[in-house]
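Examining the three-dimensional arrangement
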Amino acid sequence: MAYDSDAHALYRLARERAGTMAEGIRVIRRHFGLDLAQAKEIALQADAIADSLDAHQAALAPVLVAALDEMETECDGRADPSGTD
């Protein structure tokens, strides 16, 4: 999705003033009538995190799977060997 530079500029200004991504997203949603996915994509672009929300989510998926695998391994190591936990 391509957005006009005004949305990116307003997001950056709101985030700078409020200090949070969430506030920047709230401001541009209200001002431009965007849904959450559209506003989050603008935030990711303005913060130079990702070119799109889809690309960001695709990059997160393997990291989340690895983290879940690691947590599972840690939990398995802590299980009560008697089977009464």
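Residues numbered from 1 in each chain as written. Predicted model: local features only at pLDDT ≥ 70, side-chain atom pairs only at ≥ 80, totals over all residues. Heavy atoms only, no water.

1. Comments concerning the overall build of the chain
The secondary structure content of the chain amounts to four helices and zero strands. Reading the secondary structure of the chain in the N-to-C direction produces α-α-α-α. Out of the 85 residues belonging to the chain, those deemed buried represent 22%. Within the chain, contacts between residues at least 6 apart in sequence are counted, and of these 36% link residues at least 24 apart. Of the accessible surface of the chain, which amounts to about 6000 Å², a share of 55% is contributed by carbon and sulfur atoms. (Helix = DSSP H or I, 4+ residues; strand = E, 2+ residues; numbered from the N terminus. Buried < 20%, exposed > 50% of the residue type's maximum accessible area, 1.4 Å probe, protein only. Contact = heavy atoms within 4.5 Å. Areas by Shrake-Rupley, 256 points an atom, 1.4 Å probe, with all protein chains shown as cover.)

2. Focus: helix H3 (residues 36–46)
Looking at H3, one finds that the buried residues are Ala 39, Glu 41, Ile 42, Ala 43, Leu 44 and Ala 46. At the N-terminal boundary of H3, the capping side chain belongs to Asp 35, with an oxygen 3.1 Å from the backbone nitrogen of Ala 37. Ala 48 sits one or two positions beyond H3 and adopts a positive phi of about 55°. (Polar contact = N/O pair within 3.5 Å; in protein donor to acceptor, adjacent residues only side chain to side chain.)

3. Side note on the nonpolar core
Membership of the largest hydrophobic core is limited to nine residues, which are Ala 7, Tyr 11, Ile 25, Ile 28, Leu 34, Ala 39, Ile 42, Ala 43 and Ala 46. Of all elements in the fold, only helix H1 (5–18), helix H2 (21–32) and H3 reach the threshold of two or more residues within this core. Considering every element that reaches this core, the biggest residue donor is H3, with four residues. In this view, Ala 43 contacts Tyr 11, Met 21 and Ile 25; residues no more than four positions away in its chain are not counted. (Core = buried A, V, L, I, M, F, W, Y, C linked by side-chain atoms within 4.5 Å.)

4. Describing the pattern of salt bridges
Counting across every chain of the model gives two salt bridges. A salt bridge links Asp 47 to Arg 15; the nearest nitrogen and oxygen atoms lie 2.4 Å apart. Placement of Asp 47 in the loop between H3 and helix H4 (53–78) and of Arg 15 in helix H1 is noted, with a sequence separation of 32 residues between them. We classify Arg 15 as partly exposed; its relative accessible area is 29%. One salt bridge in this structure joins Arg 26 and Glu 23, with 3.0 Å as the shortest N-O distance. In this pair, Arg 26 and Glu 23 are both assigned in helix H2, three residues apart and thus about one turn of the helix distant. Glu 23 sits in the partly exposed class, given a relative accessible area of 23%. (Salt bridge = Lys/Arg side-chain N within 4 Å of Asp/Glu carboxyl O.)

5. Remarks on the packing of H1 against H3
Running from N to C, H1 and H3 cross one another at 75°; their axes reach a closest spacing of 9 Å. In terms of axis orientation, H1 runs roughly perpendicular to H3. Between H1, through Ala 7, His 8, Tyr 11 and Arg 12, and H3, the contact on the second element is made entirely by Ile 42, Ala 43, Gln 45 and Ala 46. Across the contact of H1 with H3, the residue classes break down as five nonpolar, two polar and one charged. (Axes fitted to C-alpha atoms, helices over the stretch in contact; angles between N-to-C directions. Parallel < 35°, antiparallel > 145°, perpendicular 65-115°, else oblique. Nonpolar A, V, L, I, M, F, W, Y, C, P; charged D, E, K, R; others polar.)

What is shown is where atoms sit, not what they do.
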